Amino acid sequence: MNADAVIDPGAFDLGAVRRRTLWVLSIGQVLGGLAFGATVSLGALLAARVSGSDSLSGLSTAAMTLGAALAAVPLARLARARGRRPSLSTGMLVALVGVVLVVLSGGVMSFPLLIAGFVLIGSGQAANLQSRFAAVDLATDRTRGRDLSVVVWATTIGAVLGPNLVGPGEALGEVIGMPRLTGPFLFTVVAQLLAIGLYLSALRPDPLRLADRIATGVGAVKSAVIHADRPRVARYAIFATAAAHGVMVSVMAMTPIHLMGEGATIEIVGLTVSLHILGMYGLSPVFGILADRIGRVTTILLGQVLFVGALVTAALGQMSTLAVTVGLIMLGLGWSASTVAGSALLTEASSEVLRTRRQGRSDLAMNLVGSIGAILAGVILTRIGYAGLAWCALAIVVVVAALSPFGRHARSDVEASGAPSTSA
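If you're wondering where the values come from, they're calculated on a predicted model, not measured in any experiment.

Draft legend 1. Fine view of the overall build of the protein. Across its full length, the protein holds 17 helices and zero strands. A burial count over the protein gives 54% of its 424 residues as buried. The long-range fraction of contacts in the protein, counting pairs at least 24 apart against all pairs at least 6 apart in sequence, stands at 83%. Accessible surface computed for the protein: about 16,600 Å², of which carbon and sulfur atoms make up 70%.

Here it is in structure tokens:
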């Protein structure tokens, strides 16, 4: 019988289960981030080599983003039906199949096979995104933002380590006769296998299934974890999170091109992007704590303020590498504040029955908006320049801030006083 088939919430120390779940998810994020970081580092180079055209190199990232979008809702449905454990492990397993296809494509020089592999790898990214929601299945209003942000922060470790494994991976691949540029995917395979084994063996009890059992009970535990449904707030949370992702991706994607056009070296471009990634993840626990203490919507608005600072700095200082770098760091910080607070707001604004469905839609919206933003950003950059791109992105920030009253509609007590909420 499935170990989670019958769960008695009273048989567990909820605090201990929550902490254990956070540890498991954080380690899984490190492994997932490591695998994804190594893949992203080589994706464009491998696409250019297999296709024979540099103009097609960007399709690797686009394919992974599309794959993440396509997998978001099915993985959320699987989580609703079977729990987080099978959902997260399935996402990683599909990504593992994608890695195998990518390696094979490098050997037979098949570009369609390569793109298909990258689409499947996107499923792993969708699982990584879902992990942040799994982190708050058992969280209370006092810890929801912090718990979610800890798992987001864990991504930093894998994202930093992944690209640094490219050199050793290529050397290892040459030893065993793998096609050029595919050796580093050996580390990706190992990381994916470890993540799958971790989720299947250690994510017990399943946090979502335990939350379902808590929802059928009564008492203080239920009132701290489960909330009544607030669809208007949930819609705003989805919109704010997707908009933040669109703003971040569109500007970030064009920054390397802009800097290279202004004469910056590849080393400077790499440092700028690294600092941006550090801004995205490094301070996420700070924003999680702020979301718990000053409120989710207030922290989302803080993210918009950071976006304004980033975009104005980048637009007015577009000729300065230092100004653009500062702007990109602030852009990462704005994304972090908005994503952490928006994800926490979505979770507590959704009833237990609708929560995972909306979480899947939120991830779908994030990836689709990010893809569209990256495509439109290229057009805007060629038409009105980098500063024009920043001003266009600023318009989206203004809309998110203007609609913030919808996020406070029927707000929970935590945003009013910092106390645990007992009702919607």
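Draft legend 2. The environment of Arg19, seen in detail. Mapping Arg19 onto the fold places it in helix α1 (residues 14-51). On the accessibility criterion, Arg19 (46% relative accessible area) is partly exposed. Measuring from C-alpha to C-alpha, the distance between Arg19 and Leu138 comes to 9.7 Å, with 119 residues separating the pair along the chain.

Draft legend 3. Highlighting the side chain of Arg355. Within the fold, Arg355 resides in helix α15 (residues 352-402). Of note is the side chain of Arg355, whose polar atom sits 3.1 Å from the backbone oxygen of Thr347. Of note is the side chain of Arg355, whose polar atom sits 3.4 Å from the backbone oxygen of Ser350.

Draft legend 4. Examining the packing of aromatic side chains more closely. Counted according to the given criterion, the structure contains one aromatic pair. Ring centres 5.6 Å apart and planes at 80° place the aromatic pair Tyr281 and Trp335 in the edge-to-face group. Within this pair, whereas Tyr281 is found in helix α11 (residues 266-281), its partner Trp335 is found in helix α14 (residues 321-348), the two being separated by 54 residues in sequence. Across the pair, Trp335 and Tyr281 agree in class, each one buried.

Draft legend 5. Seen up close, the nonpolar core. With 34 residues, the main nonpolar core has Val247, Val251, Phe307, Leu311, Leu331 and Tyr386 as its most contacted residues. Of all the elements in the fold, those that place two or more residues in this core are α5 (144-164), α10 (231-261), α11, α13 (296-316), α14 and α15. Leaving out residues up to four positions away in the same chain, Leu311 has contacts with Val247, Val251, Leu331, Ala390, Ala393, Leu394 and Val397. Counting residues in each nonpolar core, the second largest holds 21 residues, with Leu22, Val24, Leu75 and Met92 among its members.

Draft legend 6. Summary view of unusual backbone geometry. Cis peptide bonds are those with omega within 30 degrees of zero, and the linkage from Arg204 to Pro205 qualifies with -5°. Here Pro205 shows up in the loop between α7 (185-202) and α8 (207-215). Although it is not a glycine, Met109 sits at a positive phi angle of roughly 55°. Here Met109 shows up in the loop between α3 (84-108) and α4 (111-134). We classify Met109 as partly exposed; its relative accessible area is 39%.

Draft legend 7. Looking closely at a nonpolar patch on the surface. On the surface, Phe239, Val399, Leu403 and Phe406 cluster together into a nonpolar patch covering about 300 Å² of accessible area. By the secondary structure assignment, Phe239 is in helix α10. The exposure class of Phe239 is partly exposed, given its relative accessible area of 33%.

Draft legend 8. Main features of the side chain of Ser343. Residue placement: Ser343 occurs in helix α14. From its side chain, Ser343 meets the backbone oxygen of Thr339 in a polar contact 2.8 Å long. If we ignore the near neighbours within four places in the chain, the residues touching Ser343 are Arg132, Phe133, Leu148 and Thr241.

Draft legend 9. Summary view of the packing of α10 against α15. At their nearest, the axes of α10 and α15 sit 5 Å apart, and the two run at 40° to each other. With respect to α15, the axis of α10 lies oblique. Handedness of the crossing formed by α10 with α15: right-handed. Across the contact of α10 with α15, the residue classes break down as 26 nonpolar, eleven polar and one charged.

What counts and how
- The residue numbers shown here count from 1 along each chain, following its written sequence.
- Since the coordinates come from a predicted model, pLDDT governs what is reported: local features require at least 70, and pairs of side-chain atoms require 80 or more to be given and counted, while whole-chain, interface and lining totals use all residues.
- Side-chain measures here rest on the full set of heavy atoms in the structure, leaving out hydrogens and waters.
- Numbering of helices and strands runs from the N terminus; a helix is a DSSP stretch of H or I covering at least four residues, while a strand is a stretch of E covering at least two.
- In this scheme, a residue with accessible area under 20% of its type's maximum is buried, one over 50% is exposed, and one in between is partly exposed, where area comes from a 1.4 Å probe on protein chains only.
- Contacts are assigned to residue pairs that have any heavy atoms within 4.5 Å of one another.
- Only the protein chains shown count as cover for residues, and all accessible areas are computed by the Shrake-Rupley method using a 1.4 Å probe.
- Whenever two N or O atoms come within 3.5 Å, that pair is a polar contact, provided that in protein one can donate a hydrogen and the other can accept it, and provided that, for residues adjacent in sequence, both atoms are side-chain atoms.
- Any pair of Phe, Tyr and Trp rings, taking the six-membered ring for Trp, is counted once the centres come within 6.5 Å. Such a pair is stacked with planes under 30 degrees apart, edge-to-face with planes over 60 apart, and tilted for the rest.
- Side-chain atoms within 4.5 Å are what join buried Ala, Val, Leu, Ile, Met, Phe, Trp, Tyr and Cys residues into a set we call a nonpolar core.
- For patch building, the residue pool is restricted to those with more than 30% relative accessible area and no salt bridge; the joining distance is 9 Å between like charges and 5 Å between nonpolar side chains (Val, Leu, Ile, Met, Phe, Trp, Tyr).
- Any carboxyl oxygen of Asp or Glu within 4 Å of a side-chain nitrogen of Lys or Arg constitutes a salt bridge here.
- Lines are fitted to the C-alpha atoms to define the axes, a helix being fitted only along its stretch in contact, and any angle between axes, read from their N-to-C directions, falls within 0 to 180 degrees.
- Orientation categories follow fixed angle ranges, with anything under 35 degrees roughly parallel, anything over 145 roughly antiparallel, 65 to 115 roughly perpendicular, and all other angles oblique.
- Crossings are classed by handedness, with left-handed meaning an anticlockwise turn of the near helix from the far one by less than a right angle and right-handed meaning a clockwise turn.
- When residues are grouped by polarity, Ala, Val, Leu, Ile, Met, Phe, Trp, Tyr, Cys and Pro land in nonpolar, Asp, Glu, Lys and Arg in charged, and all others, Gly among them, in polar.

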